[in-house]
Amino acid sequence: MDYQLVIKFWRKSLADETFLATIEGELKQALGDSAELDGYDVSKNEINLFMVTADPRQSFRRAREVLQRMGLVQGVSSAYRLVGGARFTSLWPLRSTRKFTLP
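The following refers to the structure shown.

Analysis parameters
- Residues numbered from 1 in each chain as written.
- Predicted model: local features only at pLDDT ≥ 70, side-chain atom pairs only at ≥ 80, totals over all residues.
- Heavy atoms only, no water.
- Phe/Tyr/Trp six-rings, centres within 6.5 Å; stacked < 30°, edge-to-face > 60°.
- Helix = DSSP H or I, 4+ residues; strand = E, 2+ residues; numbered from the N terminus.
- Buried < 20%, exposed > 50% of the residue type's maximum accessible area, 1.4 Å probe, protein only.
- Lys NZ or Arg CZ within 6 Å of the ring centre and 35° of its normal.
- Salt bridge = Lys/Arg side-chain N within 4 Å of Asp/Glu carboxyl O.

Summed over all chains, the structure comprises 4 aromatic pairs. Each ring, one from Y3 and one from Y80, has its centre 5.6 Å from the other, and the planes form 85 degrees; the classification is edge-to-face. One end of the pair, Y3, is in strand β1 (residues 3-10); the other, Y80, is in strand β4 (residues 76-82), with 77 residues separating them in the sequence. Given the relative accessible area of 26%, Y3 is considered partly exposed. For the ring pair F60 and W92, a centre distance of 6.2 Å and an interplane angle of 40 degrees mean the geometry is tilted. Here W92 lies in strand β5 (residues 89-92) and F60 lies in helix α2 (residues 56-70), a separation of 32 residues in the sequence. Of the residues examined, F60 reaches a relative accessible area of 3% and is grouped as buried. K8 extends its terminal NZ or CZ atom over the ring of F100, reaching a point 4.7 Å from the ring centre.

So, in structure tokens, the structure goes:
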């Protein structure tokens, strides 16, 4: 698994953070062995969920289905990079003009 996939939840778009208690289990079930959850970090403006995967595009497609089902996809950004790399490739939202960064 060569890539780190990051799903960023913008706090201003979230009603609350109760989804954190269930999202990891939902993602593990949807992703199976194709990705390994690698924790998350929380800051004032965002919550970043990390996973390691061999195919970040396919893993995000599966994760996006979970996010849609939970009603979270509108407040999300996602990108991936090589594990240990610095440069991100954006996946979501499509045609994003904002550069993806971590705090």
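Having put the structure on the table, let's press on.
If you walk through the whole model with that rule in mind, you get 3 salt bridges. In this structure, R11 and E17 form a salt bridge, with 2.6 Å as the shortest nitrogen-oxygen distance. Between R69 and E26 there is a salt bridge whose closest N-O contact spans 2.9 Å. A residue pair is termed long-range when its members are at least 10 positions apart, and R69 in helix α2 and E26 in helix α1 (residues 20-31) qualify at 43 residues. Among the residues examined, R69 registers a relative accessible area of 57% and is labelled exposed. A residue is classified by how much of its surface remains accessible, and E26, at 28% relative accessible area, is partly exposed.

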